[in-house]
2 protein chains.
Amino acid sequence: MNPRPSALLPDIDGCISALSVALGGNGLYTKREDLVRYETGARYGAGQAAFVMRPSSTAEVAVALKICSQHRVTVVPQGANTGLVGASTPDESGQQAVLSLERAASTLQLNHINRSIEVSAGVSLSKLNDFLKSYGLWFPIDLGADPTVGGMIATNTGGTRFIRYGDVRRNVLGLEVVLNDGTTLNFMDQVRKNNTGLDTKQLFIGTGGRFGIVTRAILEVHPLPQNAATALIVPSSPAGALDILVDMEEHFGPQLTSFEGISRTALAAVLVGVPQLRNPFLNEQLPHYSLLVEVSTWTKGGDGNLTLDQALERELERAFEAGKIENAFTQDAANLWSIRHHISDSLKLKGKVIALDVSVPRDRFVQFRDKACEEVKRLADFVLIADFGHLGDGGVHFNMIWPHEVPSDAELVERLRTAVYDLVAAHGGSFSAEHGVGPFNAHYYKRYVPAAKQSLEHLIEEALASRSLGNTLS
Amino acid sequence: MNPRPSALLPDIDGCISALSVALGGNGLYTKREDLVRYETGARYGAGQAAFVMRPSSTAEVAVALKICSQHRVTVVPQGANTGLVGASTPDESGQQAVLSLERAASTLQLNHINRSIEVSAGVSLSKLNDFLKSYGLWFPIDLGADPTVGGMIATNTGGTRFIRYGDVRRNVLGLEVVLNDGTTLNFMDQVRKNNTGLDTKQLFIGTGGRFGIVTRAILEVHPLPQNAATALIVPSSPAGALDILVDMEEHFGPQLTSFEGISRTALAAVLVGVPQLRNPFLNEQLPHYSLLVEVSTWTKGGDGNLTLDQALERELERAFEAGKIENAFTQDAANLWSIRHHISDSLKLKGKVIALDVSVPRDRFVQFRDKACEEVKRLADFVLIADFGHLGDGGVHFNMIWPHEVPSDAELVERLRTAVYDLVAAHGGSFSAEHGVGPFNAHYYKRYVPAAKQSLEHLIEEALASRSLGNTLS
C-alpha cells in the first residue's frame, strides 16, 4: 500500500480517464464483475477496488504509477493474492486501486554458469521451479502457498528450508523497481559481490511495496539435493529439542536442510483430519512435542545415499544413548512430510484458527512457549494451542484454535493475540516472522517496532516522496 | 567518512575543548606523537589527524559524534586500519578527526543454542574466532587481513569461503549504531526472521560509516567443518574452469567451500617468492590457469573423512574422463593453501602491484579476462597480469605488476585501471567487489555507480542529516 502524503481526495475519474489512454482496454478493469476477484484476500481483507490495472510491461507500470500518483490514488500491488496480512487487497473505501502484473512479461532467463535467473515479478513460484527443475536447480523457498516472485520479494518469504538456504533476501542478486512516482530503477546485478555503497535493493525487499513496486529480479538458484533422509523424532524434553538442533547442526552443517517442531495438538489434528496418512505412533499416545528433521546430500549415486541414511541413523543412536531422544521414525519420508504439510488445513477442521506467525531467538523458545501457553490458558482455557513451525530458525506458527461451539468474542481474541505478542517481544522476538506487515497487523507494527525504526522508514519514505512530488513535504 | 553538509569551517579548538571534558585524558589524543600511528593506511592514504577520539563506551561514542557534528568536524572511523581504499585514515588537511573503538568494550557473548554471538565492534576477527574455536564454531569470513568486526561490517567483507557462507551482510542478525548526530539506534535482534518493515540495519552494512558508526553487533556463527579435501586442478581450457565449477556445485552443493582461480603469473610469483613451498608441478611448465578447490564435511569420524576424499577423487576422475581437466593434485592440502595465501605478498616482490578488486557474473569471466588482458597489453605491454581470486563467486583480484625497472607513470597507471574497470562495467560487473568505496576510488564510484543509486544514497544521507541538524537542508 502506498499512502499518499497529500490531504486532498483522490481523483478516481480523472485517473481512470488517463489510464484508459495509457493502458488500453485490456489493461484497465472498471466493471464490477471484473473487479470482484481482486478484492478478497487469502485470509484477511475483503474490500472494494476503484479499478484494477494490468500493465503489460515495466514501462506501463511506470506510467500507471505516475498517473495514480498525480491523481492521489493509492495503489495496492497484488501478486497471487496469497498474502496473510491483508496487504494485497483494497480496503472498503472503494478509493484504492489494485495493480497486477499478470499481463506483464513472464521472463524466465536462466544463467546456468552464474547460477542465477532473471525472472519477471508476475511469475509464480511453482512456474519458476517447474522451469528450473529440468536443469537440476531450484529457488529454495519452500512454502505451503504459491505466490508470485514479486510478492515473495515484497514479503521476504522464508519457508521450511530457511535453515539451509535463508530467506528471499539472501537469494536476491538484483532488482528492477518502479517508484511510486513512476521512476524506474535498474539494479539488475547478476554479480554476487558488489561493495560500492548502500545496497539500495534492500529498500524494496520485505517492505510490501511501500517504497516502490518490483517488476523484475535476478535470483540466485541452487542445485537440487539428490538424496534426503528424514526422521520424526521424539525428544526426551522440550529443552532437549534445542540440544538436538545444536547437535544436528554441528554434525551435519549445511546438510541439515530442515528442522521443524510439531505440538501434540497439531499432530493429532492432522492425523484425525487426514485419515489416509499413516500414524507412526500407531496406538501409542502422541508425544507432547515432535521434531521433523531432514538431512540432504547433493552427491549422486548409491554410495552417497547409503552414507546419508547411515549417518542420520548413527546420530539418532547417539542421541538415544545420551538420553536426548525417546523415539525416532525414519521410514516413509513422504508420509512424514505429508503430515507436516497438512497441519495448517487440518487445524481449520477443529475450530476457528487464530494464527500467529512469530519468532524468538532459539534459546528462548521453551521459556516463551511455556509462558505463552500459561497466559493463554489463563485468559481463555477453552482455547487449544496447536503450535508448529520452523524451530531451526526460531520461527513458530503459534496457532490457537477457538472451538466452533464457543460463541465468538472478537475482543477476547484480540487480547489473546496481544498477550502472546507481548511475550514474544519480551523474549526478544518478532510478531511477524514471515508474513510481513499489512492492514491486518498494522497496529502491532506501531506497538512493537522500535520508534527509531518506524522513524527511519518514515523519513526515507518522505524523502523519496518529496523528491518525486516536486520537493513538497507534507 | 562523514562529510558535513555545512559550508562553514570546522571548529577544531572548540571541538577539542568539549571532547576533553566528555572523553577524558585517555579518550582524546591531541599530541603529534600520539596521532602518527592512526594516520597512514594499510595500502593507500597518509594524512594528518586533527585529533583522535578513543571513547570507552557506546554512550561516549554518541557524545563524541554529537560534539563533532556540532563543531562541523568530519569524523573518520578507524578499526584495525587494514582497509584498502583509504577510507580509514584522515586526509592531509589536518581538519579530520579519527574515531577508534580500541578502548571500548570487548564483549564476546556467545548464545550457543541460537548459534549467534554478541560482539563489540572493536573486537578483531582473530580474537573473535579464537574465542569461538573452543566451541567448535567460527565466523566464516576468511581473509588475508585481521580487521575489526566494525570494519568488516562497514565494508561488508567477503573472503575465500563466500561461496559457502556468503558475505558479512548475510551473517549479521543485529546491530547497534550511532548516527552522526549522536543518536543511538538499537537494532540488536538475535532473531533470524523478522519481517516487520524495512531492514534498517542494511543502511549500515557496506556503507563505510556514511550513515553512522557500528558499535555492537549480533553475528551468526557456524559449526567448523571437521574434514576437508583440497585439490589443485588444471582445467583443459579457461572456459572449462567454469564447467568444473558448475559440476562441483551440482555434485557437492554446500559442501563446496572454496573455489579459487590462479593465473600462471601469480602461481609462478609465489613459487619463486616462497621457495620453501613445494611446487606440485615439479619441473613441468606451470599451467596457464589453475583452480584450488575445497570440499568439506561436518561429520566427525573416520568414515566421513574417507568418503569425502573418495567423493572428490571420483569427481576428478569423471572430469578427467570427460576431458574437462588435464591434471589434479590432492596431496598436501596445507601446501596448496599456503600457495594461495602467499600470492599477494609474492607479487610485491616482482614489482609495483596495481591491485584491482573486481567481480563479474561468473559466465562472463573468460570473456572479460581475455578482453582485459588484450587491452592491458595494448596500453602497456611490459605490465604483467597476475590475476587470482574467488572464481566461485565471480570475484577476481585482477592484479597487474609494473616491473621495478620501468620508470613510474601515474597517468598510465590510471589509464590502465580505468580501461579494466570500463571492461568490468561492460561485462555487468563491479569495480569494487570486496574493498568498498573510499577516497582512493571515489572517482570510480561517480563513474560507475548508476546515477539513481548515487541519488538514493545522497537522498537518504540528507534525510538523516536534516533530521539531526534541526531540519535544515543544505
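Above this text you will find the structure in question.
No experiment lies behind these values; they were computed from the predicted model shown. (Residues numbered from 1 in each chain as written. Chains lettered and ligands numbered in written order. Predicted model: local features only at pLDDT ≥ 70, side-chain atom pairs only at ≥ 80, totals over all residues. Heavy atoms only, no water.)

Visitor: Would you explain the interface of chain A and chain B in this entry?
Guide: Interface size is often expressed as the accessible area that is lost when the parts come together. Taken together, the contact pairs 76 residues of chain A with 76 residues of chain B. Together, Lys193, Asn195 and Leu198 of chain A form the three largest contributors to the area buried by chain A at its contact with chain B, with a combined 13%. In this structure, the connection of chain A to chain B is made through 8 salt bridges. If you look at where chain A meets chain B, you find 30 residue pairs in polar contact (both at pLDDT 80 or more). If you list the elements that add at least two residues to the side of chain A that touches chain B, you get α6 (162–165), β9 (184–187), α7 (238–252), α9 (302–321) and α15 (451–468) of chain A. No other element matches the 9 residues that α15 of chain A contributes to the side of chain A that touches chain B. A per-class count over the side of chain A that touches chain B returns 28 nonpolar, 28 polar and 20 charged. (Contact = heavy atoms within 4.5 Å. Buried area = accessible area lost by both parts, 1.4 Å probe. Salt bridge = Lys/Arg side-chain N within 4 Å of Asp/Glu carboxyl O. Polar contact = N/O pair within 3.5 Å; in protein donor to acceptor, adjacent residues only side chain to side chain. Helix = DSSP H or I, 4+ residues; strand = E, 2+ residues; numbered from the N terminus. Nonpolar A, V, L, I, M, F, W, Y, C, P; charged D, E, K, R; others polar.)

Visitor: What is the right way to read the packing of aromatic side chains from this model?
Guide: What describes a pair of aromatic rings is the distance from one ring centre to the other and the angle between the planes of the rings. What the rule picks out here adds up to 26 aromatic pairs over all chains. Ring plane angle 45° and centroid distance 6.3 Å describe the contact between Phe431 of chain A and Tyr444 of chain A, whose orientation is recorded as tilted. In this pair, Phe431 of chain A is assigned in the loop between α13 (410–426) and α14 (442–448) and Tyr444 of chain A in helix α14, connecting sequence segments 13 residues apart. Across this residue pair, the class does not change: Phe431 of chain A and Tyr444 of chain A are buried. Ring centres 6.1 Å apart and planes at 50° place the aromatic pair Tyr289 of chain B and Phe365 of chain B in the tilted group. With Tyr289 of chain B in strand β14 (residues 289–297) and Phe365 of chain B in helix α12 (residues 365–379), this pair connects stretches of sequence that are 76 residues apart. Residues Tyr289 of chain B and Phe365 of chain B agree in their burial class; the two are buried. Three or more aromatic residues joined by ring pairs make a cluster, and in this case those are Tyr421, Phe431, Tyr444 and Tyr448 of chain A. In this arrangement the basic side chain of Arg164 of chain A is found over the ring face of Tyr165 of chain A, its NZ or CZ atom lying 4.7 Å from the centre. Above the ring of Phe162 of chain A, the side-chain terminus of Lys193 of chain B is found at 5.3 Å from the ring centroid. (Phe/Tyr/Trp six-rings, centres within 6.5 Å; stacked < 30°, edge-to-face > 60°. Buried < 20%, exposed > 50% of the residue type's maximum accessible area, 1.4 Å probe, protein only. Lys NZ or Arg CZ within 6 Å of the ring centre and 35° of its normal.)

Visitor: What am I meant to see in the packing of helix α8 (residues 264–273) of chain A against helix α11 (residues 343–350) of chain A here?
Guide: Helix packing for two helices is described by the angle between their axes and how far apart those axes are. Residues and elements named next belong to chain A. Where α8 meets α11, the axes come as close as 8 Å, and the angle between the chain directions of the two elements is 85°. By the angle class used here, α8 and α11 are roughly perpendicular. On α11, the residues touching Ala266, Ala269, Val270 and Gly273 of α8 are Ile343, Ser346, Leu347, Leu349 and Lys350. Looking at the contact of α8 with α11, its residues break down into 6 nonpolar, 2 polar and 1 charged. (Axes fitted to C-alpha atoms, helices over the stretch in contact; angles between N-to-C directions. Parallel < 35°, antiparallel > 145°, perpendicular 65-115°, else oblique.)

Visitor: Just checking my understanding: could you explain the sheet that holds strand β10 (residues 212–220) of chain A for this structure?
Guide: Residues and elements named next belong to chain A. Across the sheet, which stays open at both edges, the 5 strands sit in the order β5-β6-β10-β8-β9 with antiparallel pairing between neighbours. The open sheet terminates on both sides in strands that have one partner only, identified here as β5 (108–111) and β9. Looking at each pair of strands side by side, their axes are set apart by 15° on average, direction ignored. Taken strand by strand, helix α3 (residues 58–70) contacts β8 (172–179), β9 and β10, and its axis lies near 45° from that of β8. Its contacts with the sheet place helix α4 (residues 125–133) against β5, β6 (116–120) and β10, and it is angled at close to 40° to β5. (Pairing = 2+ DSSP bridges.)

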